[in-house]
Amino acid sequence: MAVMVEVVVELLEGIRNRVPLTGESVAAEFAAQGWEAGGRPKNGFETSWDKDGVGGWVHPYNGGVRVEFTVWIRDVDEDTGYFEDLDAVYEEGERVLAAFLPGIESSALAVHLTEAEGTEEDADEDAEEFIAYRKWTLDGRKLVAGVVQEDTDLPVRVIVALE
């Protein structure tokens, strides 16, 4: 887990001061830090990256980009398309998230993080997207770490995302 935290924090440190944050600049930082490109260029830059068991993606988002990392994933049963015990998978994801968070909070990045106090509307939006999460601001951008499952037939993942 420590190695995963290190690669995520290192990339976030490398991009946190970039204004504007563009897909090209993020892709260049992934490459400079030795991430392996996944061969999925879109909009003029590589969007998919891997390093030390962490998947990284760059997506267009609200006129800018969202940088997302998957640090843990549990896929659905191939035959049924579902989990046998979804609650157990959610609980496992929450344990992984709980183990991952101290690495972020004790990293060099921590001095730049501010606990995000969202509005009720933000809380409702995040509650719909995340099973469990922690949210900060990082130099004016939203940084969130959480457990997600976008749809019932998709994997449960622990992600870190910068928007």
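For the structure, check the block above.
Residues numbered from 1 in each chain as written. Predicted model: local features only at pLDDT ≥ 70, side-chain atom pairs only at ≥ 80, totals over all residues. Heavy atoms only, no water.

Caption draft 1: Region of the structure containing helix α1 (residues 2-15). Helix length check: α1, at 14 residues, gives a terminal C-alpha distance of 20 Å against a target of 20 Å (1.5 Å per residue), a fit within 8%. Along α1, the positions that sit buried rather than exposed are M4, V5, V7, V8, V9, L11, L12 and I15. (Helix = DSSP H or I, 4+ residues; strand = E, 2+ residues; numbered from the N terminus. Expected span 1.5 Å × (residues − 1). Buried < 20%, exposed > 50% of the residue type's maximum accessible area, 1.4 Å probe, protein only.)

Caption draft 2: Representation of helix α3 (residues 86-105). Across its 20 residues, α3 extends 29 Å between first and last C-alpha, which sits within 8% of the 28 Å expected from 1.5 Å per residue. For α3, the full list of buried residues reads V89, Y90, G93, V96, L97, F100, L101 and I104. In this fold, the buried residues of α3 make contact with α1, β6 (64-74), β7 (113-115), β8 (130-138), β9 (141-148) and β10 (156-162). (Contact = heavy atoms within 4.5 Å.)

Caption draft 3: Looking closely at the environment of A145. For A145, the location among the structural elements is in strand β9. Discounting chain neighbours no more than four positions away, the residues touching A145 are L97, L101, A132, Y133, R134, W136, I159 and V160.

Caption draft 4: Local environment of the pattern of salt bridges. Applying the stated criterion across every chain, the model contains 12 salt bridges. Measuring nitrogen to oxygen at the nearest pair gives 3.2 Å for the salt bridge that ties R16 to E13. When its relative accessible area of 11% is taken as the criterion, R16 is described as buried. A salt bridge links R66 to E68; the nearest nitrogen and oxygen atoms lie 3.0 Å apart. Classification of R66 by relative accessible area gives buried; the value is 9%. The network of salt bridges with common partners includes R66, E68, E129, K142, E150, R157 and E163. (Salt bridge = Lys/Arg side-chain N within 4 Å of Asp/Glu carboxyl O.)

Caption draft 5: Geometry of the packing of aromatic side chains. With the rule as written, the count across this model stands at 5 aromatic pairs. Between F30 and F69, the aromatic rings sit 6.1 Å apart at their centres with planes inclined by 55°, giving tilted as the arrangement. Separated by 39 residues along the polypeptide, F30 in helix α2 (residues 23-32) and F69 in strand β6 bring together distant segments of the chain. With respect to burial, F30 and F69 carry one shared label: buried. Here the aromatic rings of W35 and F69 are separated by 5.9 Å at their centres, their planes lie at 50°, and the arrangement is tilted. Taken together, the residues W35 in the loop between α2 and β1 (36-37) and F69 in strand β6 connect sequence positions 34 residues apart. (Phe/Tyr/Trp six-rings, centres within 6.5 Å; stacked < 30°, edge-to-face > 60°.)

None of the figures reported here should be taken as evidence of function without further support.
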